Amino acid sequence: MEKLLKTELKTTVLKAFGSSGGGYISQGQSYETDHGRIFVKINNKPQARTMFEGEMASLQAIQQTGIVRVPQPIKVMDLPGGGAAFAMEYIKMKGLSKYSARLGEQIADLHLYNQKLGEKLKKEENTVGKGAGGTGPLYVDSFGFHTVTCCGYITQVNEWHSDWPTFFVRHRLQAQMDLIERDYGDREARELWSRLKPKIPEMFCDMEIIPALIHGDLWAGNVAEDDSGPVLFDPASFYAHSEFELAMSMIFGGFSSSFFSAYHSKIPKAPGFDKRNKLYQLFNYINHWNHFGTGYRGSTLNVMRKLLK
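Residues numbered from 1 in each chain as written. Predicted model: local features only at pLDDT ≥ 70, side-chain atom pairs only at ≥ 80, totals over all residues. Heavy atoms only, no water.

As a reminder of what qualifies: UniProt positions are given in the numbering used here, feature names are shortened, and annotations may be inferred rather than shown by experiment.
With an unreviewed UniProt entry as reference, the protein is termed protein-ribulosamine 3-kinase, source organism Salvator merianae. The UniProt entry for the protein carries the following comment under Sequence similarities (unreviewed entry): "Belongs to the fructosamine kinase family."

In structure tokens:
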């Protein structure tokens, strides 16, 4: 491992510091190198490269907005025995507290970023001599992402689609339910899903949804701060309905009321928000069922029943 990192990162110094750590999915270790401090994530699953390449693309997309700090991604490397490693900038982080409201504002600004690009584009099209030929960031008019990402270790298809409810049902909910069917063959889940699926488009009637770049896995374990402000990491980004982002942060806690107040001061709740929030929470419960087992079955079925009322 040490030899691989030295070669791939072109460093003569590679000195581990701090304790090795990691989350539910990958292990991590910090190192001193010729080029400064780095953090390396390691995962031995066969899909590790896909997972890390999706994370790297997500970090780059968030970084390009210039709105919220993320670690600078460096390189994804194959491990000799299978799996992959992902090197990125080391940031000395602590739990989010002082900058909670600022993160709420920054997440809202991230969600509004693409919409503002679209407004700027329209304005330029209506101005003589402006428009085509710009070199800045491009407005995205569809839902999806340019590469596969993983929420946890489950790969997510991000094929572009012009209609959000269709994208969400097909590539998020149905994809997760297919895994439940394959692994558990749960009759009650299948029956509830068959009744719920045709009702989902009704929850989006009369709504204009502009694709928003989201973090995609926004729970308390993926946010932090340093002395200069908030930091996001472990993203699974794609262009989505901005409300999708908040469901995960509401399920597991860890975000103060100041975070949500700051967010909603920039993006107020639209009519029907609470019901759609349950729908988006459903995705997270099914995803957890697929990752961690039947402990999440009850929550999944309960949300389905509530949505059918």
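Some points on helix α7 (residues 257–266)
Three- or four-residue spacings in an α-helix give side chains the same orientation, since the helix completes a turn every 3.6 residues. Put simply, the rule is: Only protein chains enter the accessibility calculation, which uses a 1.4 Å probe; a residue is then buried when its area is under 20% of its type maximum, exposed when over 50%, and partly exposed in between. Each helix corresponds to a stretch of at least 4 residues labelled H or I by DSSP, and each strand to a stretch of at least 2 residues labelled E; elements are numbered beginning at the N terminus. Here, two residues are considered to be in contact whenever any of their heavy atoms come within 4.5 Å of each other.
Every buried residue of α7 is listed here: F259, F260, A262, Y263 and H264. The inward-facing, buried residues of α7 contact α3 (100–125), α6 (243–251) and α8 (273–292).

Let's talk about the pairing of strand β5 (residues 84–89)
The two faces of the sheet receive side chains in turn, since in a regular strand these alternate between them. Formally: Strand pairing follows a simple DSSP-based rule, namely that at least 2 bridges must link the two strands.
Summarising burial for β5: five of the six residues are buried, a large majority. Two elements, strand β3 (residues 36–43) and β5, share six bridges in a ladder whose sense is antiparallel. Directly across from N43, in β5, lies its bridge partner A84. Bridge count between strand β4 (residues 73–78) and β5: five bridges; the pairing is antiparallel. When the sheet's bridge partners are listed, M77 is paired in β5 with A85.

Points about the pattern of salt bridges
For clarity, the cut-off: Any Lys or Arg side-chain nitrogen found within 4 Å of a carboxyl oxygen on Asp or Glu counts as a salt bridge.
For the coordinates displayed, the defined rule picks out 18 salt bridges. Across the salt bridge formed by R69 and D226, the nearest N and O atoms sit 2.4 Å from each other. With R69 in the loop between α2 (48–65) and β4 and D226 in strand β9 (residues 223–226), this residue pair connects regions lying 157 residues apart in the sequence. In this structure, R276 and E243 form a salt bridge, with 2.7 Å as the shortest nitrogen-oxygen distance. Of this pair, R276 sits in helix α8 while E243 sits in helix α6, placing them 33 residues apart in sequence.

Here's the deal with the packing of aromatic side chains
Stated precisely, the cut-off is as follows: A pair of aromatic rings is counted whenever rings of Phe, Tyr or Trp (Trp by its six-membered ring) have centres within 6.5 Å, and the orientation is called stacked for planes under 30 degrees apart, edge-to-face for over 60 and tilted otherwise.
Evaluation of the coordinates by the stated rule reveals 21 aromatic pairs. Plain terms: the ring middles of F292 and Y296 are 6.4 Å apart, the flat faces sit at 45° to each other, and that makes the pair tilted.

A closer look at the side chain of E245
Heads up, the condition is: Nitrogen and oxygen atoms within 3.5 Å of one another constitute a polar contact, given that in protein one can donate a hydrogen and the other can accept it, and given that sequence-neighbouring residues count only through two side-chain atoms.
Inspection of the secondary structure assignment puts E245 in helix α6. Separated by 2.8 Å, the side chain of E245 and the backbone nitrogen of G216 make a polar contact. Setting aside chain neighbours within four positions, we find E245 in contact with I107, H111, I214, H215, G216, D217 and L218.

Some thoughts on unusual backbone geometry
Positive phi values are uncommon outside glycine, yet K10 reaches one of about 50°. Positionally, K10 belongs in the loop between α1 (2–9) and β1 (14–22). K10 gets classed as exposed once you look at its relative accessible area, which sits at 62%. Phi is positive for D234, which is not a glycine, with a value near 50°. Mapped onto the elements of the fold, D234 is located in the loop between β10 (229–232) and β11 (238–240).

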